[in-house]
Structures are given as structure tokens and as C-alpha cells.
Amino acid sequence: MDAYSSSHVVMLVVFVAGLPLAVLLGRWERRTGSRLVSRGAAVAIPLVHVPTQVYDIATRFELGVSLPFHLSDLAWVAAAVALWTHHRYAVALTYFWGLVLTTQAIVTPSLGEDFPDLRYFAYWFIHLLVVWAAVFLVWGRGLPPGWRDYRFTVAATFAWAVCAYTFNELAGTNYGYLQRKPGGDSVLDLLGPWPVYVLAEIGIVIVVWAAMTWPWGRRERRAASAASS
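The paragraphs below set out a description of the structure included in this document. None of these values were measured; they are calculated from a predicted model.

1. Description of the overall build of the chain
Looking only at helices and strands, the chain features seven helices and zero strands. Its helices and strands in sequence order give the chain the pattern α-α-α-α-α-α-α, from N to C terminus. The C-alpha atoms of the chain give a radius of gyration of 18 Å, which matches the 17 Å a tight globule of 229 residues would have. Here the C-alpha coordinates of the chain stretch approximately 60 × 35 × 30 Å along the principal axes.

Dropping the structure here:
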């Protein structure tokens, strides 16, 4: 699929249109005390994604593509757990991974297949739903992250990067684009050659995630101060 082709633009429109809807649904749940949307989405994610992954592996397995070693493969698990449990760490992973890393995959997708290929639908289903889940949980349900959640997410991401890099070295793959940049246009092209772009990406992500935590952490401190006075 070519970036900003008609099949890409359609998904971008769907993505943007779904953001306010995610907020409204989350606020409806918070107001009514229901978990209908949370639980429904939590079930829908593996119910749709797992069979498509199994089918993909069974019919056209590719070592460098088919295994669930991209961070987005962990993001959908985090999103499903967060939607079902509303646990703070799962919500934090969905928030940080979804709004920064998964959004990058939406804006500059690395996808060889186009509409109406199964991989096309599987790719967009999981990437859009992860970001919508983050917006739903944080701005809709009112479950923002704090600094403890930030530190947990950074540590979890580093652990994934070490495991993915080690597997890439052994198998000659490129999960997480830790060994080389993806083909086609990518924001990583702006960050220099390997390993400069990897180090730059780490630094940028840590700073951006801190900026994404700061307003929530500040509000949390104010609430704690007001409660103790």
C-alpha cells in the first residue's frame, strides 16, 4: 500500500472520525457506570485479531513479518487488558504506545498489502482500535497516567527492545525497525542512519512521554494536596 493513496486516506478519515466518538463513549460509560463498551471492545480485539494472525501465519508465513514481535503486537494486548480491567499499567501502556508509536504506524504505514487484502484489514483494525482505546480510557473514562506509570512504560519498552533486538540479530529480521529503517517513506528518515536514528528515537520518545505525563501528574499532585488540606 502506498502512503497517502486513496486506501490510506480513507483509513485516516476513519481514524480522525473515531476520536471524538471514543471520548463520548468513554464519558457515557463513566456517567452511567456501565462497562458495556469497555468489555465489548476488549473482547472484540482478540476475537478479530487473533484469527487473522493465525490465518496469516498458516497461509503465508514470513519470518520477518508474521511473528508477533512488533511493539504493536504488544499494544493490542495491553489495550484489550486495559479495556477489560482498567488497570493503571495496562492503561498507561495503551496511552503511551498507542498515541506515539501506533499513531506513527497510522500516519506512515509500512504495509505491503492493499485493499482488499486480509493483511490490510487486520493492520488497520488493530492500529486504529489501539489508539481509540487510549483516547477512550484517558479522556473518556478519566484514567490518566502518572509518573509511576510513565516509569513502568519506559522500563517495559526497554525490555521489549532488548528482546526484539536480540531476536533480530539471531534470525536476521527487523522487528521494531531496530536493525534498519522500514522501506518507503518514514519519519525515521529524518533521524539519520543506523544506529543514530534508534538512539534519537529513544530520546524523543522518552521526552515526549514525559511531556504527555506532566499535565496529568500535575493534576494528580493538586488533587492530593487538596485532599490533605
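Following the structure, the description resumes.
2. A few points about the environment of Gly18
With respect to the helices and strands, the residue Gly18 is situated in helix H1 (residues 6-32). We classify Gly18 as buried; its relative accessible area is 12%.

3. Re the layout of surface pockets
Taken as a whole, the second largest pocket holds about 200 Å³ of empty space. Around the second largest pocket, the lining residues are Gly18, Leu21, Ala22, Leu25, Val37, Ala41, Leu83, Leu129, Trp132, Ala133 and Phe136. Of the residues contributing to the lining of the second largest pocket, the split by class is ten nonpolar, one polar and no charged.

4. Things to note about the environment of Ser110
Here Ser110 shows up in the loop between helix H4 (88-107) and helix H5 (118-140). Considered as a pair, Ser110 and Met1 are 109 residues apart in the sequence and their alpha carbons are 8.0 Å apart.

5. With respect to helix H6 (residues 147-171)
Here H6 is 25 residues long and its end C-alpha atoms lie 36 Å apart, about the 36 Å a rise of 1.5 Å per residue gives. Every buried residue belonging to H6 is among Asp149, Tyr150, Thr153, Val154, Thr157, Trp160, Ala164 and Asn168, and all of these are buried. Phi turns positive, to about 70°, at Gly172, one or two residues after H6.

6. Details of the packing of helix H2 (residues 36-60) against H5
For the pair H2 and H5, the least separation of the axes is 10 Å and the interaxial angle reads 155°. By the criterion of interaxial angle, the relationship of H2 to H5 is roughly antiparallel. Between H2 and H5 lies a crossing whose hand is left-handed. Between H2, through Val37, Ser38, Ala44, Ile45, Val48, His49, Thr52, Tyr55, Asp56 and Arg60, and H5, the contact on the second element is made entirely by Leu118, Arg119, Ala122, Phe125, Ile126, Leu129 and Phe136.

Reading the values: the criteria
Residues numbered from 1 in each chain as written. Predicted model: local features only at pLDDT ≥ 70, side-chain atom pairs only at ≥ 80, totals over all residues. Heavy atoms only, no water. Helix = DSSP H or I, 4+ residues; strand = E, 2+ residues; numbered from the N terminus. Rg over C-alpha atoms; globule rule 2.2 N^0.38 Å. Buried < 20%, exposed > 50% of the residue type's maximum accessible area, 1.4 Å probe, protein only. 1 Å grid on protein atoms, 1.4 Å probe; cavity = no way out; pocket = protein on both sides within 12 Å on 5 of 7 lines; lining within 4 Å. Points joined across faces, edges and corners; volume = space filled by probe spheres on them. Nonpolar A, V, L, I, M, F, W, Y, C, P; charged D, E, K, R; others polar. Expected span 1.5 Å × (residues − 1). Axes fitted to C-alpha atoms, helices over the stretch in contact; angles between N-to-C directions. Parallel < 35°, antiparallel > 145°, perpendicular 65-115°, else oblique. Left-handed = near helix turned anticlockwise from the far one by under 90°. Contact = heavy atoms within 4.5 Å.

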